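Fold and contact review
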Amino acid sequence: MARKIHTLAGYIHEYQRSILDPDAFWTQIAETFHWQKNWSSVVEWEFETPSVKWFVNGKLNITENIFERYLHTKKNKPAIIWEPNDPKEASITLTYLELYEKTCQFANVLIKNGVVKGDRVIIYMPMVPEAAIAMLACARIGAIHSVVFAGFSANSLSDRINDCKAKMVLTSDGNFRGAKTFPVKEVVDEALKTTSTIEKVIVLERTKTPVNMQKGRDFWWHEELEGVSKENIAETMDSEDTLFILYTSGSTGKPKGVVHSCGGYMIYTYYTFKNVFQYSDDDVYWCTADIGWITGHSYIVYGPLLEGATTLMFEGVPTYPNPGRFWAIVDKYKVNQFYTAPTAIRALEAYGLDPVLPYKLDSLKVLGTVGEPINEEAWHWYHDHIGKGRCPIVDTWWQTETGGILISPLAGITPTKPAYATLPLPGIQPIIVDNDGKELKGNSVEGNLCIKYPWPGIIRTTWGDHDRCYQSYFSQFKGLYFTGDGVKRDEDGYYRILGRVDDVINVSGHRMGTAEVENAINEHPKVIESAVVGYPHPIKGQGIYAFAICDMSDRSEDNLKNEIRVTVSNIIGPIAKPDKIQIVPGLPKTRSGKIMRRILRKIANGEHDNFGDISTLLDPDVVEKIIEDVDSAS
Ligand code: 7RM
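If you're wondering where the values come from, they're calculated on a predicted model, not measured in any experiment.

Considerations on the overall build of the chain
The helix and strand tally for the chain stands at 18 helices and 30 strands. Computed over C-alpha atoms, the radius of gyration of the chain comes to 24 Å, within 12% of the 26 Å expected from 2.2 N^0.38 for 634 residues, which places it in the range of a compact globule. In terms of principal-axis extent, the alpha carbons of the chain reach across some 75 × 65 × 55 Å. Counting the 634 residues in the chain, one finds 61% classified as buried. Counted over contacts in the chain with a minimum sequence separation of 6, partners at least 24 positions apart contribute 71%. Approximately 23600 Å² of the chain is accessible, and the part contributed by carbon and sulfur atoms is 50%. Positive and negative side-chain charges in the chain, numbering 67 and 80 respectively, have mean positions lying 3 Å apart.

The following block contains the structure:
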């Protein structure tokens, strides 16, 4: 086993080593894995075009490193524990052996249905073990999975299918979420009206929601499994072959397909999982993310399973059947590491301590957060009332594009500090630059967060459009990976993430491009133009505030706002619905026609003066008019 860091001195030593000789550092970790063929060089890279390759020419299969690697020692150890939405329904435990057999069997189902190495398979599923099995089965045969969060609309799903020209969709009849059931298959049917590449759809029966099965295209999961072997020989993958595509929003209108490759992602998710959470062999680890997000990929499925850990998967929502559900699950399974989002912490905090007090929570050793900055107040509540002051909080900063955690405490090993992600993990070389790209050296500085050296989990490209990868992350500051986040390095050298500096809003830990939301709003026939900004929201972190110029001739304001929300929900999904809409007579624009978001952001933040230089505005009066009417935003 690659060394787990046990002490602060150990961290400092490993960090130094990783910077002075990255090749030796990563070699030592990668050597503990099963490679079908060894790599010829550890890393080959440049951040100009960019091009990054790890473990060059190495051959492997990530699932062999989850299953075959552990079968002699862990075959009866629980790999996945699944807790259903309804607490009265039986839970499911899959041991490493069982998960292995199910993965192989489903891999054979994919093969039987014509999926071959390199094909794209969309996974649009609820949080059930089959979703993880589907991902692993794809990885087993070298098919590229692209998980689409089951809360996205038919339109969003269809865009993603078309972008990656997927051949198959794996889905379910429905999805239980709290007291509601969502007709997932119906959304797939709708999406497939505007796609042309999907040959087959395999449908898992989960909710028994009636569905239409199109002959020759749609097949039942359980029927496909009948008579299929549980043995499968893993496909040989090149280290740089694509493992998966995951779509994420950026500052432009269209989500981009972030591409991760097999070798580097494997090493990086494993190493970060092990060290950040300080997992020990009999621990039960629980990450509450959905597998539709990168956190679910890296820290429910791949990272924990590569470590041979027991990972808990929860189908439901934190407030069903009551807001004590998370804590009931922690006690039920004696969860040792618990990893969630600040937005969930704030939402549960709002219910007070009554839902928490009935539970012991004494199994907890480590608490984690991810997805957005955590405010000090929520940090202390989490620390005091969930961790009972005993558990270190790992505030883990990372991105879809980074594959795994880059800046975070190591639980119980390195210091924590409320609202700070603290220190870079070994192998990570952060650099702060000002807007001109000049490095801000030393401590007590604030600026744009970049990374100057590759790590194994870094994004390789954006699917089908490499230039977009360059434009989005490598063009702003020459020779650096730019994260899009602002950051402060304090007097002690600790990093505090300040939030996005681009046109991305982070709503409950979910990234939304302002342009993407505007495009959706503008689809409403009565909307002439719109501008979207983020504003501080007590629970979601940021809320979506839309300013819209509309034709109001035949609608009441309330009706129109409702219709706009429905439009956005249909085009992107409910998570993108504006929290506030203000109908405005005009938008502040420069003479060249650019919307001055800086001003709108201030207005949405409740600031009504100190707009800085507005002399370049085409019509300065419009700002006055918008401010006069801010109370109409709803
Ligand atoms: C893992 C994930 C990435 C963006 C990132 C940040 C924000 C994530 C933290 C955070 C402050 C954190 N991937 N972010 N973690 N901000 N502290 N611990 O969330 O691609 O969906 O989002 O999320 O702005 O750039 S993501």
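Structure shown, so let's carry the discussion forward.
With respect to the pattern of salt bridges
Under the counting rule described, the total for this entry stands at 38 salt bridges. Notably, a salt bridge pairs Glu 518 with Arg 597, separated by 3.0 Å at the nearest N-O pair. Placement of the pair is Glu 518 in helix H15 (residues 514–522) and Arg 597 in helix H17 (residues 597–604), with a sequence separation of 79 residues. Judged by relative accessible area, which is 8%, Glu 518 ranks as buried.

Observations regarding the site of the ligand
Around the ligand sit 17 residues in total, of which Asp 395, Thr 400, Asp 485, Arg 500 and Arg 511 are the nearest. Within the side chain of Gln 399, a nitrogen or oxygen atom sits 2.9 Å from an oxygen atom of the ligand. Starting from 530 Å² of accessible surface for the ligand in isolation, the protein chains cover 96%. For the shell around the ligand, the secondary structure elements donating two or more residues are helix H10 (294–306), strand S20 (393–396) and strand S25 (495–500). Split into classes, the residues belonging to the shell around the ligand amount to six nonpolar, six polar and five charged.

Points about unusual backbone geometry
In this model, Thr 49 is joined to Pro 50 through a cis peptide bond whose omega is -15°. Assignment of secondary structure puts Pro 50 in the loop between strand S1 (41–46) and strand S2 (51–56). In this model, Tyr 320 is joined to Pro 321 through a cis peptide bond whose omega is 0°. Residue position: Pro 321 is located in the loop between strand S17 (310–314) and helix H11 (325–333). Positive phi outside glycine occurs at Lys 334, with the angle close to 50°. Residue class for Lys 334 comes out exposed when judged on its relative accessible area of 56%.

Observations regarding the packing of H17 against helix H18 (residues 621–628)
For the pair H17 and H18, interaxial distance at closest approach is 11 Å and the crossing angle is 20°. Judged by the inter-axis angle, H17 sits roughly parallel to H18. Considering only the axes of H17 and H18, their crossing is right-handed. Two secondary-structure elements touch here, H17 through Ile 599, Leu 600 and Ile 603 and H18 through Val 623, Ile 626 and Ile 627. In terms of residue class, the contact of H17 with H18 is made up of six nonpolar, no polar and no charged.

Topic: the side chain of Thr 242
Along the polypeptide, Thr 242 turns up in strand S14 (residues 242–248). Assessed through its relative accessible area of 18%, Thr 242 is described here as buried. Apart from residues lying up to four places away in sequence, Thr 242 is in contact with Ile 144, Met 237, Val 259, His 260, Ser 261, Cys 262 and Trp 463.

Brief notes about a negative patch on the surface
A cluster of like negative charges, contributed by Asp 619, Asp 621, Glu 624, Glu 628, Asp 629 and Asp 631, occupies part of the molecular surface. Mapped onto the fold, Asp 621 is located in helix H18.

Examining the pairing of strand S30 (residues 580–583)
Where strand S29 (residues 541–550) lies against S30, four bridges are found, and the strand directions are parallel. Within the sheet, the bridge partner assigned to Phe 547 lies in S30 and is Gln 582. In terms of handedness, the path from S29 via helix H16 (residues 557–571) over to S30 forms a crossover that is right-handed.

Details of helix H1 (residues 8–20)
Look at H1: 18 Å from first C-alpha to last across 13 residues, which is about the 18 Å you get at 1.5 Å a residue. Every buried residue of H1 is listed here: Gly 10, Tyr 11, Glu 14, Tyr 15 and Ser 18. Taken end-on, H1 shows its buried residues confined to a sector of 130°, consistent with a single buried face. The exposed residues of H1 that point more than 90 degrees off its buried face are Ala 9 and Leu 20. Summarising the contacts, the buried residues of H1 are in contact with helix H2 (22–30) and strand S21 (430–433).

Examining the pairing of strand S4 (residues 78–83)
Two faces, one strand: in a regular strand the side chains alternate between the faces of the sheet. In terms of burial, S4 is largely enclosed, as five of its six residues are buried. As judged from the four bridges shared by S4 and strand S5 (residues 92–95), these two strands associate in the antiparallel manner. Its bridge partner being in S5, Ile 81 is matched across the sheet by Thr 93. As paired elements, S4 and S17 share four bridges and run parallel to each other. From the neighbouring strand, Ile 81 faces S17, where its bridge partner is Leu 312.

How each quantity is defined
Residues numbered from 1 in each chain as written. Predicted model: local features only at pLDDT ≥ 70, side-chain atom pairs only at ≥ 80, totals over all residues. Heavy atoms only, no water. Helix = DSSP H or I, 4+ residues; strand = E, 2+ residues; numbered from the N terminus. Rg over C-alpha atoms; globule rule 2.2 N^0.38 Å. Buried < 20%, exposed > 50% of the residue type's maximum accessible area, 1.4 Å probe, protein only. Contact = heavy atoms within 4.5 Å. Areas by Shrake-Rupley, 256 points an atom, 1.4 Å probe, with all protein chains shown as cover. Lys, Arg positive; Asp, Glu negative; His and termini not counted. Charge placed at Lys NZ, Arg CZ, Asp CG, Glu CD. Salt bridge = Lys/Arg side-chain N within 4 Å of Asp/Glu carboxyl O. Near = heavy atom within 4 Å. Polar contact = N/O pair within 3.5 Å; in protein donor to acceptor, adjacent residues only side chain to side chain. Nonpolar A, V, L, I, M, F, W, Y, C, P; charged D, E, K, R; others polar. Axes fitted to C-alpha atoms, helices over the stretch in contact; angles between N-to-C directions. Parallel < 35°, antiparallel > 145°, perpendicular 65-115°, else oblique. Left-handed = near helix turned anticlockwise from the far one by under 90°. Patch = residues over 30% accessible without salt bridge, like charges linked within 9 Å, V, L, I, M, F, W, Y side chains within 5 Å. Pairing = 2+ DSSP bridges. Right-handed = clockwise from strand over helix to strand, strands pointing away. Expected span 1.5 Å × (residues − 1). Arc of directions from axis to C-beta.

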